Amino acid sequence: MHKKTLVLPTHRLIYRLFWLLILPLVLAACGSVPTTAPSLQIDHSLTAQGKNSRVRHIVLHYTVADTPRSIKILTEQNVSSHYLITDEQLPTIYQLVDESERAWHAGVSQWYEHTDLNTSSIGIEIVNAGPLDDGSWAPYSREQIELVKQLVRDIAERHRVTPSNIVGHSDIAPQRKIDPGPHFPWRELAQEGLGRWYDEALAQHYAQEFQQRGLPSVLTIQDWLQRAGYASPQSGRVDEETKNVLAAFQMHYRPGRYDGQIDAQTAGILKALLYPKPSQDS
Ligand SMILES: [Zn+2]
């Protein structure tokens, strides 16, 4: 008994010391992944009905570089696109970024209320030299355009991208970009439902009205540009930024002249886009 009463407090002391020292270590270890923990088990047997694609836009570009250089830039630098269409006689479509991931092709951008188009778009780069030294523009080959149409149709159908959201880099970043340039055949694509276009007879009708009665005010044009999706200043003046937006609009819808000036034909096209029926006049 005597011996036992002497030994027991020592045991208790060791016992208490053990928990005082060890317990905090045990608790701290709870924050890390125990090496013996079972792997995360997720049951994939159920699928929800309420969902849709995060892709809202398709953005077209040219690369201003030949095929080998375009591949190098788009695969090795901090710029990329989901697809690259080369310029060989039989062009290749490379997929460089999975559609579920964000490619870095749009930069600072806006289309309607959407900013940061990288997050909501699929980017397609087409190998093309863009503006040439003599003032002309490098042409796209027929083979490239046919592939562009097939690819855009496939993406638009799968992600339900609407025609007005199939755009060029210059449409979404008119202060910085001019691609895919005036040679990109927007009208041809739109005729196949792959983009937005206007009733040409109605645009001509509006243009004649503007010629006879005078042009809309600058503020009206700026308002129409904004309502057509463009990030336009609302300054009431044809400032440099507004000229850039007008030039981007013209490259897309009237590539024959893209001087950034307001004229009756440009105003007529804008109005025909916004008011496709004459009775819905402004
Ligand atoms: Zn671009």
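Quick note: structure is the one above.
Criteria and thresholds
Residues numbered from 1 in each chain as written. Predicted model: local features only at pLDDT ≥ 70, side-chain atom pairs only at ≥ 80, totals over all residues. Heavy atoms only, no water. Helix = DSSP H or I, 4+ residues; strand = E, 2+ residues; numbered from the N terminus. Contact = heavy atoms within 4.5 Å. Areas by Shrake-Rupley, 256 points an atom, 1.4 Å probe, with all protein chains shown as cover. Phe/Tyr/Trp six-rings, centres within 6.5 Å; stacked < 30°, edge-to-face > 60°. Buried < 20%, exposed > 50% of the residue type's maximum accessible area, 1.4 Å probe, protein only. Expected span 1.5 Å × (residues − 1). Pairing = 2+ DSSP bridges. Axes fitted to C-alpha atoms, helices over the stretch in contact; angles between N-to-C directions. Parallel < 35°, antiparallel > 145°, perpendicular 65-115°, else oblique. Left-handed = near helix turned anticlockwise from the far one by under 90°. Nonpolar A, V, L, I, M, F, W, Y, C, P; charged D, E, K, R; others polar. Donors = N, O, S within 2.8 Å, 3.2 Å for Na, K, Ca; no water. Salt bridge = Lys/Arg side-chain N within 4 Å of Asp/Glu carboxyl O.

Caption draft 1: Summary view of the overall build of the chain. Counting its regular elements, the chain contains 10 helices and seven strands. Taking contacts inside the chain between residues at least 6 apart in sequence as the whole, the part at least 24 apart equals 62%. Summed over its atoms, the accessible surface of the chain is roughly 16700 Å², and 55% of this surface lies on carbon and sulfur atoms.

Caption draft 2: Spatial organisation of the packing of aromatic side chains. Tallied over the full model, the rule gives 13 aromatic pairs. Ring plane angle 45 degrees and centroid distance 6.3 Å describe the contact between Phe210 and Trp224, whose orientation is recorded as tilted. On the criterion of sequence distance, the pair formed by Phe210 in helix α7 (residues 200-213) and Trp224 in helix α8 (residues 218-227) is long-range, its members being 14 residues apart. Across the pair, exposure class does not vary: Phe210 and Trp224 are buried alike.

Caption draft 3: Spatial organisation of helix α4 (residues 142-159). The terminal C-alpha atoms of α4, which comprises 18 residues, lie 26 Å apart, in line with the 26 Å expected from a rise of 1.5 Å per residue. Of the residues making up α4, those classed as buried are Gln144, Ile145, Leu147, Val148, Lys149, Leu151, Val152, Ile155, Ala156 and His159. In this structure, the buried residues of α4 make contact with β1 (57-62), β2 (83-85), β3 (93-95), β6 (121-126), β7 (166-168) and α6 (186-191). A positive backbone phi angle near 55 degrees is found at Arg160, which sits one or two residues after α4.

Caption draft 4: Looking closely at unusual backbone geometry. Here the bond from Asp179 into Pro180 is cis, since omega is 15 degrees, no more than 30 degrees from zero. A positive phi angle, near 50 degrees, is found at Tyr112, a position not held by glycine. Positionally, Tyr112 belongs in the loop between β4 (110-111) and β5 (114-115). In this structure Tyr112 comes out as partly exposed when scored by relative accessible area, which is 28%.

Caption draft 5: Looking closely at the pairing of β1. By the criterion of burial, β1 is predominantly enclosed, with six of the six residues buried. Side-chain alternation along β1 places His57, Val59 and His61 on one buried face and Ile58, Leu60 and Tyr62 on a second face that is also buried. As paired strands, β1 and β6 are joined by six bridges and run parallel to one another. When the sheet's bridge partners are listed, Tyr62 is paired in β6 with Ile126.

Caption draft 6: Quick look at the packing of helix α9 (residues 240-253) against helix α10 (residues 264-274). Two elements in contact, α9 and α10, have axes whose closest approach is 11 Å; the angle formed by their N-to-C orientations is 75 degrees. The orientation of α9 relative to α10 falls into the category roughly perpendicular. On α10, the residues that touch Leu246, Phe249, Gln250 and Tyr253 of α9 are Thr266, Ile269, Leu270 and Leu273.

Caption draft 7: Looking closely at the packing of α8 against α10. Across the interface, α8 lies against α10 with an axial gap of 10 Å and an inter-helix angle of 45 degrees. With respect to each other, α8 and α10 are oriented oblique. The way α8 lies across α10 gives a crossing that is left-handed. Residues Ile221, Trp224, Leu225 and Arg227 of α8 form the contact with α10, whose own contacting residues are Ala267, Leu270, Lys271 and Leu274. Taken together, the residues of the contact of α8 with α10 break down into six nonpolar, no polar and two charged.

Caption draft 8: Examining the coordination of the zinc ion more closely. Each protein donor to the zinc ion is listed here as His61 (ND1), His169 (ND1) and Asp179 (OD); together their distances run 2.0 to 2.1 Å. Each donor residue of the zinc ion belongs to the same chain, and together they define the spacing H-x107-H-x9-D. A residue pair is termed long-range when its members are at least 10 positions apart, and His61 in strand β1 and Asp179 in the loop between α5 (169-172) and α6 qualify at 118 residues. The buried category is assigned to Asp179, whose relative accessible area is 5%.

Caption draft 9: How the structure looks around the pattern of salt bridges. Considering all chains together, one arrives at 16 salt bridges under this definition. For Glu146, the salt bridge goes to Arg142, with nearest N and O atoms at 2.6 Å. With Glu146 and Arg142 both in helix α4 and four residues apart, the pair spans about one turn of that helix. Judged by its relative accessible area of 32%, Glu146 falls in the partly exposed class.

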